[in-house]
Amino acid sequence: MSGIRTNAAAELLGVSPNTLRSWERRFGYPKPRRTSGGHRQYDLTELEALRRALLETHNISSAIEVARQRGEGPTSAARLVEAYDRFDETLADRVMEESLAVRSVERSVEDLMLPALEMAQGREGREAEFELALRWATGWLHAARRVTPAATRSEGVLLFDSSPRLDLESLHVQALELALRRGGFRVLLLSMTLAQERLSRAMRALDPTALVVCGSGATLDVVGRLVYAVRHTGSAARVYEYREAMPVSGSHAIPSLGSRPTEATQNMKAIVDGRAIEVTEELAATDLAPATPARAHA
Amino acid sequence: MMTMALADRPFLGSVRSALTDRIRFCSRCGIVREERELGFNPPDLERVCSDCGMGVMLSAGRDALPDSRMSFLIVTEDLRISAVSEGAERIFGPETDLLGKMLFTTLTSPLGLEELALRIARAAGGGRDVVLIPIELEHGRPGYTRLEARIAACGPPRGALVTIEPLLT
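Throughout what follows, the structure given in this document is the object of discussion. (Residues numbered from 1 in each chain as written. Chains lettered and ligands numbered in written order. Predicted model: local features only at pLDDT ≥ 70, side-chain atom pairs only at ≥ 80, totals over all residues. Heavy atoms only, no water.)

### Quick look at the overall build of chain A
At step 1: Looking only at helices and strands, chain A has 13 helices and seven strands in total.
At step 2: When each of the 298 residues of chain A is scored for burial, the buried share is 50%.
At step 3: Considering only residue pairs separated by 6 or more positions, chain A has 66% of its internal contacts joining residues 24 or more positions apart.
At step 4: By element, 48% of the accessible surface of chain A is carried by carbon and sulfur atoms, the whole surface being about 14,100 Å². (Helix = DSSP H or I, 4+ residues; strand = E, 2+ residues; numbered from the N terminus. Buried < 20%, exposed > 50% of the residue type's maximum accessible area, 1.4 Å probe, protein only. Contact = heavy atoms within 4.5 Å. Areas by Shrake-Rupley, 256 points an atom, 1.4 Å probe, with all protein chains shown as cover.)

### Describing the sheet that holds strand β2 (residues 33-34) of chain A
The strands making up a sheet are joined through hydrogen bonds of the backbone, oriented either antiparallel or parallel.
All names here are of chain A.
At step 1: Read across the sheet, three strands follow the order β1-β3-β2 without closing on themselves; strand pairing throughout is antiparallel. The sheet is open, and its two borders are formed by β1 (3-4) and β2, each paired with just one other strand.
At step 2: Here two bridges tie β2 to strand β3 (residues 40-43), and the two strands are oriented antiparallel to one another. If you follow R33 over to β3, its bridge partner there is Q41.
At step 3: On top of the sheet, helix α3 (residues 44-56) reaches β1 and β3; it is set at about 60° to β3, its chief contact. (Pairing = 2+ DSSP bridges. Axes fitted to C-alpha atoms, helices over the stretch in contact; angles between N-to-C directions.)

### Structural notes on the pairing of strand β6 (residues 210-214) of chain A
Residue and element names in this part refer to chain A.
At step 1: Where burial is concerned, most of β6 is hidden: five out of the five residues are buried.
At step 2: In β6, alternate side chains face the same way, and those of A210, V212 and C214 on one face and L211 and V213 on the other are all buried.
At step 3: Both strand β4 (residues 156-161) and β6 contribute to a ladder of five bridges, which runs parallel. Looking across to β6, one finds that L158 is bridged to L211.
At step 4: Each parallel crossover has a hand, and for β6 linked through helix α11 (residues 220-232) to strand β7 (residues 238-241) it is right-handed. (Right-handed = clockwise from strand over helix to strand, strands pointing away.)

### Digging into the interface of chain A and chain B
Bring the parts together and some accessible area is lost; that lost area is often taken as the interface size.
At step 1: Contacts between chain A and chain B engage 21 residues on the former and 23 residues on the latter.
At step 2: Between chain A and chain B, a total of about 1,700 Å² is buried, with carbon and sulfur atoms accounting for 52% of that surface.
At step 3: The largest contributions to the chain A side of the interface with chain B come from L55, H58 and N59 of chain A, which together make up 38% of the buried area.
At step 4: A salt bridge links D78 of chain B to R126 of chain A, with the nearest nitrogen and oxygen atoms 3.0 Å apart.
At step 5: Run the count over chain A and chain B and you get nine residue pairs in polar contact (both at pLDDT 80 or more).
At step 6: Put simply, the parts of the chain that give the side of chain A that touches chain B at least two residues each are α2 (17-27), α3 and α4 (60-70) of chain A.
At step 7: Looking at the side of chain A that touches chain B residue by residue, the classes come out as seven nonpolar, nine polar and five charged. (Buried area = accessible area lost by both parts, 1.4 Å probe. Salt bridge = Lys/Arg side-chain N within 4 Å of Asp/Glu carboxyl O. Polar contact = N/O pair within 3.5 Å; in protein donor to acceptor, adjacent residues only side chain to side chain. Nonpolar A, V, L, I, M, F, W, Y, C, P; charged D, E, K, R; others polar.)

Shown next, in the form of structure tokens:
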């Protein structure tokens, strides 16, 4: 970490050394290290983040709050939220590009995009910004999906999204789809509300090894009918859930792939490779994963 | 302060033409400076108030803030409070309780919220007009019953400067 002394730091920000020290006392930021001689040594990254934040805010405490969030890394979720709040898709693209310089696609999605969407969700009066965020993220994930190399594994994964509309969970599902594709799987993402008779051609084409229940709108009834329909096609694919998408838990629960795209992808690889995974294998006990259509119907 | 000096000493009137129509003010202590005094510096070098060190220096039209250390709020285009002057704290309460809140949790207008919102949104969007509008405090404090707001554009970044003044009748 590069550091500079108090006078230079103060000059960089255009303030007096006393002001810099008073911010440290009052806000705890910027937080200098101490040299062996006891002198303050300020982190250049923090100072630069603060200098930029001061130009973008109307008061010191907000600037410090913004800088503190940005100081967590070269790109942070807060910067992406800032782009959403400005309705600036170009800036959002740039933030992701910066992230891709230091992180993988998976990490950029998990550490930046999804946390930013979570931060942007549920803010009073910011519904338009959140919708823009969802639509932009959907576009970004689709673009990333288009440049994913061809599948390297023979196994197929069928994702069933129960989200009733474009929402945060549906973005998690799209992120999972991207991660699985980049993990080499053949993947198909379909709506859980799809009529049973529409499934057979998709099932024949993909011949999935696993079915994954995702999204925020699953009900027992819908999942039951879905599994029945899948079994009706003769498929023995195992059923999993993602991010607690199943409306039941306990002894009726089906195994979970986890709650993050990379975790789920690792678990799926472990499953198809016959290795142990950190999920509860209760499939045999569940009423929702019958061996035959007749039992499922019952 | 330069603006007062000009008003008090008409013989300095010839200086007025050399000054810009804009002032800079601290978003916290409210001190006002002539824009021209700072003209030779890049804005970010004079971004923080050198008097109090707790506010950022913003630019506004001369009519937007008639005096130093007045009571004002700065409001963003989406009507959230983004700065509270020390003077405004005495009327509205601590800055920490107000930042990020919707303006209407703090004040309203007898002319209607729509009118107040429209004026503020226009100013925060960069409108050049300075308007006066009567206001009422949502949680009125004793002694602050008849007030009006002077609403004007300020920035950067863009915002509405809502200066609170006694209502003159």
